[in-house]
Amino acid sequence: MNRGKIIKRDTAPDVIRGFALLGILVVNIQYVGLSSKGLQGYYIDSLANEVAGFLIFALFQGKFYLLFSFLFGYSSSYIIRGASSNRIRWIKRCLFLMALGIIHGTLLWFGEILFIYGLFGLAITPFLFRSDKVLKAWIWLTFISFASVSLIFSSLLMAIDKFLPEEDLSASLSSKRALELDKSMLNGTYLDSIDSRASYWLETIPFLILFQGIVAFVAFLMGIYASRSNLLSPSTPEKHIFKMIKIGVIFGLPIQLVLATLWLMNSAAPNNSEIVHLGLTAISMITAPLLSVGYLGAILAIIRIQPRLVGWMKSAGKVSLTTYISQSIAMLFIFAPWGLGLFQKVELWLLMPIALTIWLIQSYCATLWLKRFNLGPMEAALNFLTKNR
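Residues numbered from 1 in each chain as written. Predicted model: local features only at pLDDT ≥ 70, side-chain atom pairs only at ≥ 80, totals over all residues. Heavy atoms only, no water.

1. A few points about the overall build of the protein
Okay, so step 1: Each helix and strand counted, the protein has 17 helices and zero strands in total.
Okay, so step 2: Against the compact-globule benchmark of 21 Å for 389 residues, the protein has a radius of gyration of 21 Å, which places it among compact chains.
Okay, so step 3: Considering only C-alpha atoms, the protein reaches an extent of 65 × 45 × 40 Å along its principal axes.
Okay, so step 4: Looking at the protein alone, contacts between residues at least 24 apart form 85% of all its contacts between residues at least 6 apart.
Okay, so step 5: Here the protein displays about 18400 Å² of accessible surface, and carbon together with sulfur accounts for 69% of that area.
Okay, so step 6: For the protein, the separation between the mean place of its 33 positive charges and that of its 19 negative charges on side chains is 21 Å. (Helix = DSSP H or I, 4+ residues; strand = E, 2+ residues; numbered from the N terminus. Rg over C-alpha atoms; globule rule 2.2 N^0.38 Å. Contact = heavy atoms within 4.5 Å. Areas by Shrake-Rupley, 256 points an atom, 1.4 Å probe, with all protein chains shown as cover. Lys, Arg positive; Asp, Glu negative; His and termini not counted. Charge placed at Lys NZ, Arg CZ, Asp CG, Glu CD.)

Written out as structure tokens, the structure is:
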């Protein structure tokens, strides 16, 4: 029986995935440590917080999520192994992620991505064996459609901001579920938080599917396309790596710095507009791939020049599902009242070193774990439940 070709697991995807987990945590920790609605203008109340907010918006928000999504598509080759018979295994893995995502979103973290990954992982199943031409066509068609809708949406938001009174605007954008979740994070019990978290997750999941999901779908397809040329292998030509770096430095970084400056100006203003905040965030999502490509090229270059500098990140990347779930547990332990109770008691700028500390501890623990076991706990469960029998 043909089991498909054997595909060697390269080091670079695990290193980049481990690096991406840090960026994802830096973004997510705002929603658990400050407010369920994320970073708001009233948190920009000091120079340190201004710098932190600027860096998060410019360098982190949306960029590492794209990297992680790209690697999800790229790593599909390790599951499929060039054999159509492994398609069933891929579908089972996606269904497992959707089920785990529902549990995760209810019990730990309402902004979780596993359900979306499972859902859009199913959506890319028909593309796993399609030609490069078909993949490129769908990548461009989906991205251009998403960018066009996002720009129209942003323009409408800006127009509404000119005519809708600020008090009406605040009321229209406020979320009762978010306020309930914040209240439970201040002085509630864990059982209190489950209902409000699940309700808020159900409230936000349509938005996450329409925006994060479509972006993830494009990144998945790009990952599949890149895996066919072994883009992340040691044999990748240096000219391709430096081309990625140039895209990030020449285009990605300047655009994000400009958008972050506008965002900071709006956030620090006494009459800051939440509509402008949302509009700039939408534009940032459209242009984020340029900087994500730069990050990808930079890590590949470091792996080639100084592998020890980043090689230790591969442990967290190899057990990425376990690392991602444990990040949610760590954040709740630090900020929830049934833990250390630091919700809304830590300034914005302190969240970044806290996230870095969590990530470093996770990376160290992952290294120790992999010295004794081949897979992380969640990876072992996923492999057992979805392997071909």
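2. A closer look at the side chain of S284
Okay, so step 1: Mapped onto the secondary structure, S284 falls in helix α12 (residues 274–305).
Okay, so step 2: On the basis of relative accessible area, S284 is assigned to the buried category, the value being 2%.
Okay, so step 3: The residues touching S284, leaving out its near neighbours within four places in the chain, are F57, Q61, K63, Q256 and L259. (Buried < 20%, exposed > 50% of the residue type's maximum accessible area, 1.4 Å probe, protein only.)

3. Concerning the packing of helix α3 (residues 63–74) against helix α10 (residues 190–228)
The geometry of a pair of packed helices is captured by two quantities: the angle between their axes and the separation between those axes.
Okay, so step 1: One way to put it is that α3 packs onto α10 with a least axis distance of 6 Å and a crossing angle of 50 degrees. One element, α3, and the other, α10, form an angle in the oblique class. In this structure, α3 meets α10 at a crossing whose hand is right-handed. Contact residues: α3 offers Y65, L66, S69, F70, F72, G73 and Y74, while α10 offers Q212, G213, V215, A216, A219, F220, M222, G223, I224, A226 and S227.
Okay, so step 2: For the contact of α3 with α10, the residue count by class is 12 nonpolar, six polar and no charged. (Axes fitted to C-alpha atoms, helices over the stretch in contact; angles between N-to-C directions. Parallel < 35°, antiparallel > 145°, perpendicular 65-115°, else oblique. Left-handed = near helix turned anticlockwise from the far one by under 90°. Nonpolar A, V, L, I, M, F, W, Y, C, P; charged D, E, K, R; others polar.)

4. A short note on α10
Okay, so step 1: Taking 1.5 Å per residue as the helical rise, α10 with its 39 residues ought to reach 57 Å, whereas the 46 Å between its terminal C-alpha atoms falls clearly short.
Okay, so step 2: Along α10, the sharpest kink reaches roughly 45 degrees, centred on L208.
Okay, so step 3: Phi for N230, located one or two positions after α10, is positive at around 50 degrees. (Expected span 1.5 Å × (residues − 1). Bend = angle between axes of the 7 residues up to and from the residue.)

5. Considering the nonpolar core
Okay, so step 1: Ranked by size, the top nonpolar core spans 101 residues in total, and within it I16, L232, L296 and F335 carry the most contacts.
Okay, so step 2: For this core, the element with the highest residue contribution is helix α1 (residues 11–33), accounting for 13 residues.
Okay, so step 3: In terms of nonpolar packing, the next biggest core, distinct from the first, is built from eight residues, F146, V215, A219 and A288 among them. (Core = buried A, V, L, I, M, F, W, Y, C linked by side-chain atoms within 4.5 Å.)

6. With respect to the pattern of salt bridges
It is possible for side chains bearing opposite charge to pair when their charged atoms get close.
Okay, so step 1: Scanning the model with the defined rule gives three salt bridges in all.
Okay, so step 2: For D132, the salt bridge identified is with R228, shortest N-O distance 2.8 Å. Of the two residues, D132 sits in helix α7 (residues 132–163) while R228 sits in helix α10, which places them 96 residues apart along the sequence.
Okay, so step 3: R228 sits in the partly exposed class, given a relative accessible area of 34%.
Okay, so step 4: Between E180 and R177 there is a salt bridge, with its nearest N and O atoms 3.5 Å apart. Of the two residues, E180 and R177 both sit in helix α9 (residues 176–187), three residues apart, roughly one turn of that helix. (Salt bridge = Lys/Arg side-chain N within 4 Å of Asp/Glu carboxyl O.)

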